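Per-entry structural report
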Amino acid sequence: MDSYLQMLGDTIFGFLSLFVLTKILGKTQITQLTPFDFISALILGELVGNALFDKEAGIPEIAFVITLWGSLIYVTEVITQKFKRTRQLLEGGPDFVIYRGKLIRDVMKKNSLDVNQLQSLLRTKDVFSLREVEFAFLETNGTISVIRKPPYQMPNKQDLHVSPQEINLATTLINDGEIIYDNLKEKNLTEDWLYEQLKEQDYEKVSDVFYAEYMKGQELFILPFVNREHHKFDA
């Protein structure tokens with residue numbers, strides 16, 4: 001009877017500890033599950049499970065395992081937040097699998113993605129033919145984001161007899177208060193041009209800008225740093 005009571009206590013403690021850990025780590029552990037996050041969650045569950053069924057392990061051992069592994073995951077999250085250049089290494093980044101309507105074979109190969117798998121991912125976005133796709137991104141969590149070609153966008157421009165227009169892809173120029181110089185160079189833009197655009201919208205410093213997005217023919221889209229600070233958002 002004592003062994004069952006011990007198992008009951010260990011199980012309840014393990015459950016509550018995992019619940020607290022998920023609250024501390026935040027929602028992104030579930031909603032944006034990267035391969036690293038997925039493996040981390042599996043290992044954490046395995047460690048807790050082994051501790052529960054180990055006769056020599058009790059609440060202190062379970063607490064130690066959860067605290068240690070949770071701390072490692074938390075430190076990794078802090079590193080990616082504070083040191084932006086580590087995000088690509090630790091979290092990865094989105095990849096073009098379709099660019100201007102063409103399949104990018106080496107990206108698909110690098111991500112172990114074949115055409116059948118790609119078609120399956122596209123069907124989840126209500127795309128049933130590759131000919132409809134102008135751009136497709138493979139996200140870090142394994143999902144796909146799609147921009148259709150103009151004739152297949154909703155509402156259907158063929159039905160409305162509207163001439164198709166060129167698609168211009170949005171490019172991030174500032175992220176977390178830092179200039180993305182590679183993107184700036186790719187679009188043949190200069191740092192002086194960027195500062196002029198910021199001043200036109202009353203921003204003196206790049207560090208004041210949380211996110212800036214460039215799209216050809218349109219005004220630079222800028223978002224400042226905004227914190228919710230537990231205030232309720234208006235509907």
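Refer to the preceding data block for the structure.
The paragraphs below set out a description of the structure included in this document. (Residues numbered from 1 in each chain as written. Predicted model: local features only at pLDDT ≥ 70, side-chain atom pairs only at ≥ 80, totals over all residues. Heavy atoms only, no water.)

To continue, consider the packing of aromatic side chains. Summed over all chains, the structure comprises six aromatic pairs. Ring centres 6.0 Å apart and planes at 50° place the aromatic pair Phe 96 and Phe 135 in the tilted group. One end of the pair, Phe 96, is in strand 1 (residues 95–99); the other, Phe 135, is in strand 3 (residues 133–138), and 39 residues separate them in sequence. Looking at Phe 135, the relative accessible area reads 0%, which means it is buried. Relative to Phe 137, the ring of Phe 96 has its centre 4.7 Å away and its plane inclined at 35°; by these criteria the two rings are tilted. Here the residue Phe 96 occupies a position in strand 1, and Phe 137 occupies one in strand 3, the gap between them amounting to 41 residues. When its relative accessible area of 25% is taken as the criterion, Phe 96 is described as partly exposed. An aromatic cluster is built from Phe 96, Tyr 99, Phe 135 and Phe 137, whose rings are joined through pairwise contacts. (Phe/Tyr/Trp six-rings, centres within 6.5 Å; stacked < 30°, edge-to-face > 60°. Helix = DSSP H or I, 4+ residues; strand = E, 2+ residues; numbered from the N terminus. Buried < 20%, exposed > 50% of the residue type's maximum accessible area, 1.4 Å probe, protein only.)

Within the open sheet, the four strands sit side by side as 6-5-7-8. Their pairing is antiparallel. At either end of the open sheet lies a strand with only one pairing partner, and these are strand 6 (178–179) and strand 8 (221–224). As judged from the four bridges shared by strand 5 (residues 171–175) and strand 7 (residues 209–214), these two strands associate in the antiparallel manner. What sits directly across from Ile 174, in strand 7, is Ala 212. The strands that helix 10 (residues 191–200) touches are strand 5, strand 6, strand 7 and strand 8; relative to strand 5, the one it contacts most, it runs at about 75°. (Pairing = 2+ DSSP bridges. Contact = heavy atoms within 4.5 Å. Axes fitted to C-alpha atoms, helices over the stretch in contact; angles between N-to-C directions.)

Below, the discussion takes up the sheet that holds strand 1. The four strands lie next to each other as 2-1-3-4, forming an open sheet whose pairing is antiparallel. Only two strands of the sheet have a single partner each, and these edge strands are strand 2 (102–103) and strand 4 (144–148). Helix 7 (residues 115–123) rests against strand 1, strand 2, strand 3 and strand 4 of the sheet, and its axis sits at about 75° to strand 4.

Position of Ile 167 relative to the elements: it lies in the loop between helix 8 (157–160) and strand 5. Placed 18 residues apart in sequence, Ile 167 and Lys 149 show a C-alpha to C-alpha distance of 7.7 Å. In contact with Ile 167, other than residues within four places in its own chain, are Arg 100, Glu 134, Phe 135, Ile 147, Arg 148, Lys 149, Pro 150 and Gln 153.

Taken by themselves, the reported measurements are silent on function.
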